[in-house]
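So you can see what is in the structure, the chains are spelled out below.
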Amino acid sequence: MDYEEAASYWIKKDADAARMNDAALEDRIVLFIQAHNTCALATACDGFVRCTPIEYNYVGGSFYLFSEGGLKFKALKENKRVAFAVYEPYGGFGQLKSLQVTGTAAIVEPFSEEYLQLLAHKKIPVEAMKKLPQPMHLIKIAPESYDYLDSDLKKESLSVRQHLSVHSA
């Protein structure tokens, strides 16, 4: 098996692919993100890998995930780099639609201003959260890149796979 050759497949294919302009692609990606609410979050460190299905909220260009806990935090303690996927159910080769996101995770301090803003966004009463044995953990993911796959782009004479790098302000 030539792993390097397999890994370079999309890099080579993207070299002469028909690209969307970044603004139009970002608009399409945001619509896809807003049409969904669940991702498969991948975390890893030192030979440990975890993939967690989890609800997300997309607010102000960042992804927020509330969690009671779990093994994903074992990896996040050592490695803040994460990846996750959002996708439509498979309906056949010509009906693919998904988004892969890479980014950096941070833990939002419970009951900080940012934490309270997310509670309000989700319409969770602060009092209800304070009654829990321990507050929910809030993971914030700052996206660094998106890989968007959409078979419908072919109808627009575009490559079905589009890449967008996020530039920090």
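Up top is the structure.
Quick notes on the rules
Residues numbered from 1 in each chain as written. Predicted model: local features only at pLDDT ≥ 70, side-chain atom pairs only at ≥ 80, totals over all residues. Heavy atoms only, no water. Core = buried A, V, L, I, M, F, W, Y, C linked by side-chain atoms within 4.5 Å. Buried < 20%, exposed > 50% of the residue type's maximum accessible area, 1.4 Å probe, protein only. Helix = DSSP H or I, 4+ residues; strand = E, 2+ residues; numbered from the N terminus. Contact = heavy atoms within 4.5 Å. Expected span 1.5 Å × (residues − 1). Arc of directions from axis to C-beta. Polar contact = N/O pair within 3.5 Å; in protein donor to acceptor, adjacent residues only side chain to side chain. Pairing = 2+ DSSP bridges.

## Remarks on the nonpolar core
And step 1. Counting residues in hydrophobic clusters, the biggest one holds 25 residues, and the most contacted among them are Phe63, Leu65 and Ile141.
And step 2. Within the residue set of this core, elements represented by two or more residues are α3 (22-34), β1 (38-45), β4 (62-67), β5 (81-87), β6 (97-108) and β7 (137-150).
And step 3. Non-local contacts of Ile141, meaning those with residues more than four positions away in its chain, are made with Leu41, Ser62, Phe63, Leu65, Val82, Phe84, Gly103, Thr104 and Ala105.
And step 4. Phe66, Val108, Tyr115 and Leu118 belong to the second largest nonpolar core, which has eight residues in total.

## Overview of the environment of Glu113
And step 1. Within the fold, Glu113 resides in helix α5 (residues 113-121).
And step 2. Once the C-alpha coordinates of Glu113 and Lys131 are considered, the two residues, 18 residues apart in sequence, prove to be 19 Å apart.

## With respect to α3
And step 1. Look at α3: 18 Å from first C-alpha to last across 13 residues, which is about the 18 Å you get at 1.5 Å a residue.
And step 2. Listing the buried residues of α3 in full gives Leu25, Ile29, Phe32 and Ile33. Considered in projection along α3, the buried side chains sweep an arc of 100° and stay on one side of the axis. Exposed side chains of α3 directed beyond 90 degrees from the buried face belong to Asp27, Leu31 and Gln34.
And step 3. Where the residues of α3 are buried, they touch β3 (57-59), β4, β5, β6, β7 and β8 (161-165).
And step 4. Measuring from the backbone nitrogen of Ala23 back to the side-chain oxygen at the start of α3 gives 3.1 Å, which picks out Asn21 as the cap.

## A closer look at the environment of Leu119
And step 1. Tracing the sequence through the fold places Leu119 in helix α5.
And step 2. Sequence separation between Leu119 and Leu138 is 19 residues, and the spatial gap between their C-alpha atoms is 10.0 Å.

## Remarks on unusual backbone geometry
And step 1. Residues other than glycine seldom take positive phi values, yet Asp46 does so here, at roughly 40°.
And step 2. As for its placement among the helices and strands, Asp46 is situated in the loop between β1 and β2 (48-55).
And step 3. Positive phi values are uncommon outside glycine, yet Phe111 reaches one of about 65°.
And step 4. Topologically, Phe111 is positioned in the loop between β6 and α5.

## Quick word on the side chain of Arg161
And step 1. Tracing the backbone shows Arg161 in strand β8.
And step 2. Here the side chain of Arg161 touches Asp147 through a polar contact of 2.7 Å, side chain to side chain.
And step 3. The contacts of Arg161, once residues within four sequence positions are left out, are Trp10, Asp14, Arg19, Asp147, Tyr148 and Leu149.

## A few points about the pairing of β7
And step 1. Examined bridge by bridge, β4 and β7 share five bridges and lie antiparallel to one another. Following the sheet pairing, Tyr64 is matched in β7 by Lys140.
And step 2. Taken together, the 12 bridges between β6 and β7 define a ladder with antiparallel strand orientation. From the neighbouring strand, Thr102 faces β7, where its bridge partner is Ser145.

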